[in-house]
Amino acid sequence: MIEDQRLEAEESKHMTSQWIINASLLNEQGEQVNGAVQIAEGKIQGVYYGPELPNPEQGAKIVDAGGKLVIPGLIDMHVHLREPGFEHKETIETGSRSAVKGGFTTIVCMPNTRPVTDSPEIVQLVLSKAKDAGLAKVLPYAAITKGELGRELTDFEALRQSGAIGFTDDGVGVQSAQMMKDAMFRAQALDMPVIAHCEDNTLVEGAPVAEGSFATKHGLKGIPNESEAIHVGRDILLAEATGVHYHVCHVSTEQSIRLIRQAKEIGIRVTAEVCPHHLILSEEDIPGMDANWKMNPPLRSPRDVQACIEALIDGTIDMIVTDHAPHSAEEKAKGMQLAPFGIVGFETAFPLLYTRFVETGLWTLEFLVQKMTKAPAEVFRLETGRLVKGAPADLTMIDLEQEQAVDPETFVSKGHNTPFGGWKLKGWPVATWVDGQIVWSVKTEQ
Ligand SMILES: [Zn+2]
């Protein structure tokens, strides 16, 4: 084994490579062991696990991790970058910067921009702006319907050819079952996934928070759980009929989970994601009429939170996403009823989940890392998300020891809308590589 490692290191001596040494790596058993990662030509050239490690070749660039954790770059399959159209909330550049600061190297942006990402031109615009930013890898989803209005399907074939990786009307649910079925048939023919924001408008009209004690106490209309689960149930039946890969966005209710679990059991191609806030907060935690606690889906009951946690553990929910949704301070100041839905997510996601679930011994570190790297990569067939030779050198270094309070003023996202301000967390990203280049580090920020 060690001999093999030496030979591999020997073979690649002709290239100038970069070595991350003294890294803590998760081995195949999920244990943290001392190791090194060799990078050359944008790819992982070797991953070496101690105790005995090969020596970097002469002239190699050395990064000493000082015992910090090095994992594959995090993947976020659900983010809002707001450009084009809402550049006062976020731009592709500021959103990508926020992503890499949070340890994310691949992010998938939602099409509810203005104009909506419903044409090849807008897909191309997003890709070219992301390339100019040169930070995270940005992959666009395109809209299912033109303008996300639910009336007419977009040109799936042309959108795929321009670089879209899936179809969704996220921000709103596709209200017509026939429209959704047509979309699924079309996506299935192209071997593309349909990703759904599940929400029946007739059940939620104008409600800012979930049904429950908070809504009752403040005299607000509540969003019932079935507004989400009705679409999940409908779409599972349509996925069964069409054979499409159907992915459920930001699952938040016990009822949706029950339906997804049953669908998986009988072999329907359904996958699902959950957000950190739906794993950590319930409607009982909302301190008052502060719109930084307003998001869609809303914070639900403690029972729903528990169901989400269990579903992630038993594999009913496949992955964690942030649903990063920046808004300006003015917009969020409009109050619980009128402010737009959404909270930012990139810069707090890993520390929140690490502190809440790994530090407390509820999850292993490996479990958390998988749900933010390998799991989304496998479901959406991405080449990144793994620490293996030949994979893109997308990496994140994390300081598991340093404890720090969340300070929204330090966010590089334009959005400071978070309910987690002041929370003391551990597990902060300190450096991020994309294709072998350091795109962000704590040192360069200071
Ligand atoms: Zn959504």
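Worth saying up front: this structure is predicted, and the values here are computed from it rather than measured. (Residues numbered from 1 in each chain as written. Predicted model: local features only at pLDDT ≥ 70, side-chain atom pairs only at ≥ 80, totals over all residues. Heavy atoms only, no water.)

A closer look at unusual backbone geometry
Just so we agree on the cut-off: For helices the rule is a DSSP run of H or I covering at least 4 residues; for strands it is a run of E covering at least 2, with both sets numbered from the N terminus onward. Working definition: with a 1.4 Å probe on protein chains only, accessible area under 20% of the residue-type maximum means buried, over 50% means exposed, and in between means partly exposed.
Following Gly 50, the chain continues to Pro 51 via a peptide bond in cis, the omega torsion being 10 degrees. The topology assignment puts Pro 51 in the loop between strand E3 (43–49) and strand E4 (61–64). Here the bond from Glu 83 into Pro 84 is cis, since omega is 5 degrees, no more than 30 degrees from zero. Its location among the elements puts Pro 84 in the loop between strand E6 (74–79) and helix H2 (92–101). A positive phi angle, close to 50 degrees, is found at Glu 41, a residue other than glycine. On the secondary structure map, Glu 41 appears in the loop between strand E2 (32–40) and E3. Glu 41 sits in the exposed class, given a relative accessible area of 71%. Phi is positive for Arg 381, which is not a glycine, with a value near 50 degrees. Mapped onto the fold, Arg 381 is located in the loop between helix H14 (374–379) and strand E15 (395–405).

Re the packing of helix H7 (residues 226–242) against helix H8 (residues 254–265)
The cut-off we apply is this: To get an axis, a line is fitted to the C-alpha atoms, and for a helix only the part in contact is used. The angle between two axes follows their N-to-C directions and goes from 0 to 180 degrees. For classification purposes, angles smaller than 35 degrees are called roughly parallel, those larger than 145 roughly antiparallel, those between 65 and 115 roughly perpendicular, and all remaining angles oblique. Note: crossing handedness is left-handed where the near helix turns anticlockwise from the far helix by less than a right angle, and right-handed where it turns clockwise. Any two residues having at least one pair of non-hydrogen atoms within 4.5 Å are treated as being in contact. Gly is placed with the polar residues, together with every amino acid not listed as nonpolar (Ala, Val, Leu, Ile, Met, Phe, Trp, Tyr, Cys and Pro) or charged (Asp, Glu, Lys and Arg).
Contact geometry for H7 and H8: axes closest at 8 Å, N-to-C directions at 15 degrees. Of the possible angle classes, the one that applies to H7 and H8 is roughly parallel. The handedness of the crossing between H7 and H8 is left-handed. Contacts between H7 and H8 involve Glu 228, Ala 229, Val 232, Gly 233 and Ile 236 on the former and, on the latter, Gln 255, Ser 256, Leu 259, Ile 260 and Ala 263. When grouped by side-chain class, the residues that make up the contact of H7 with H8 number six nonpolar, three polar and one charged.

Some points on the packing of aromatic side chains
The condition that has to hold: Paired rings are identified among Phe, Tyr and Trp, the last through its six-membered ring, by centres lying within 6.5 Å, and are further divided according to the angle between planes into stacked (under 30 degrees), edge-to-face (over 60) and tilted (the rest). To sit over a ring, a charge needs its Lys NZ or Arg CZ within 6 Å of the ring centre and within 35 degrees of the ring normal.
In this structure the tally under the stated criterion is seven aromatic pairs. A centroid spacing of 5.6 Å and a plane angle of 50 degrees characterise the contact between Phe 104 and Phe 346, whose relative ring orientation is tilted. Placement of the pair is Phe 104 in strand E7 (residues 104–109) and Phe 346 in the loop between helix H11 (329–332) and helix H12 (349–358), with a sequence separation of 242 residues. Both residues of the pair, Phe 104 and Phe 346, count as buried. Measuring from ring centre to ring centre gives 3.9 Å for Phe 156 and Phe 167, while their planes differ by 10 degrees; the resulting arrangement is stacked. Of this pair, Phe 156 sits in helix H4 (residues 156–162) while Phe 167 sits in the loop between H4 and helix H5 (177–189), and the two are eleven residues apart along the sequence. A single burial state applies to Phe 156 and to Phe 167, both of which are buried. Among the aromatic residues, those joined into a cluster by ring pairs are Phe 357, Trp 363 and Phe 367. Between Arg 186 and the ring centre of Phe 156, over which it is positioned, the NZ or CZ distance is 5.8 Å.

Thoughts on the pairing of strand E8 (residues 137–140)
What counts, and what does not: At least two DSSP bridges between two strands are needed for those strands to be called paired. Crossover handedness is defined here as right-handed if the route from the first strand over the helix to the second strand goes clockwise, with the strands pointing away from the viewer.
The side-chain alternation of E8 yields one buried face, formed by Val 138 and Pro 140, and one unburied face, formed by Lys 137 and Leu 139. As paired elements, E7 and E8 share four bridges and run parallel to each other. Paired with Thr 106 across the bridge in E8 is Lys 137. Read as a crossover between parallel neighbours, the route from E7 over helix H3 (residues 120–133) to E8 is right-handed.

Here we look at the sheet that holds E7
Hydrogen bonds between backbone groups are what pair the strands of a sheet, and the pairing can be parallel or antiparallel. Pairing is parallel in the open sheet, where three strands are placed in the order E6-E7-E8. Since the sheet does not close on itself, it has two edges, and those belong to E6 and E8, each with one partner. Going from strand to strand, the sheet's axes swing by 20 degrees on average, the running direction of each strand aside. Sitting on the sheet, H3 is in contact with E7 and E8, with an inclination near 175 degrees to E8.

What to know about the coordination of the zinc ion
The line we're drawing: Only nitrogen, oxygen and sulfur atoms within 2.8 Å of the metal, or 3.2 Å for Na, K and Ca, are treated as donors, and water is left out, so sites may look incomplete.
Every protein donor of the zinc ion is accounted for by Asp 170 (OD), His 197 (ND1) and His 250 (NE2), and the metal-donor separations fall at 2.0 to 2.3 Å. The sequence pattern formed by the donor residues of the zinc ion is D-x26-H-x52-H. Linking Asp 170 in the loop between H4 and H5 with His 250 in the loop between strand E12 (246–248) and H8, this pair joins segments that are 80 residues apart in sequence. As far as burial versus exposure is concerned, Asp 170 and His 250 are alike and both buried.

Some details on the pattern of salt bridges
Heads up, the condition is: The salt bridge definition used is simple: a Lys or Arg side-chain nitrogen within 4 Å of an Asp or Glu carboxyl oxygen.
As enumerated under the stated definition, the model contains 16 salt bridges in all. Of the charged contacts, one joins Lys 129 and Glu 83 as a salt bridge, the two residues approaching to 3.0 Å between their closest N and O atoms. Placement of the pair is Lys 129 in helix H3 and Glu 83 in the loop between E6 and H2, with a sequence separation of 46 residues. Using a relative accessible area of 33% as the deciding quantity, one classes Lys 129 as partly exposed. Exposure remark for Glu 83: the relative accessible area of 9% places this residue in the buried category. Across the pair Lys 137 and Asp 394 runs a salt bridge, and its minimum N-O distance is 2.8 Å. Highlighted residues: Lys 137 in strand E8 and Asp 394 in the loop between H14 and E15, separated in sequence by 257 residues.

Looking at the environment of Gly 50
In this structure, Gly 50 sits in the loop between E3 and E4. Taking the relative accessible area as the measure of exposure, Gly 50 reaches 27% and is therefore partly exposed. Look past the residues within four positions of Gly 50 in its chain and what remains in contact with it is Asn 34 and Gly 35.

Focus on the sheet that holds strand E14 (residues 319–320)
Judged by pairing direction, the sheet is parallel, and its four strands sit side by side in the order E9-E12-E13-E14 without closing on themselves. Each end of this open sheet is capped by a strand with a single partner; those strands are strand E9 (194–196) and E14. Sitting on the sheet, H8 is in contact with E12 and strand E13 (270–274), with an inclination near 145 degrees to E13.

Describing the nonpolar core
One broad trend across soluble globular proteins is that nonpolar side chains are buried collectively. For clarity, the cut-off: Take the buried Ala, Val, Leu, Ile, Met, Phe, Trp, Tyr and Cys residues and link them wherever side-chain atoms come within 4.5 Å; each set so joined is a nonpolar core.
Counting 99 residues, the largest nonpolar core has Tyr 246, Leu 279, Phe 350 and Trp 363 as its most contacted members. The greatest single-element share of this core, amounting to seven residues, is contributed by H12. Counting residues in hydrophobic clusters, the runner-up holds 18 residues, among them Val 47, Val 70, Leu 387 and Met 397.

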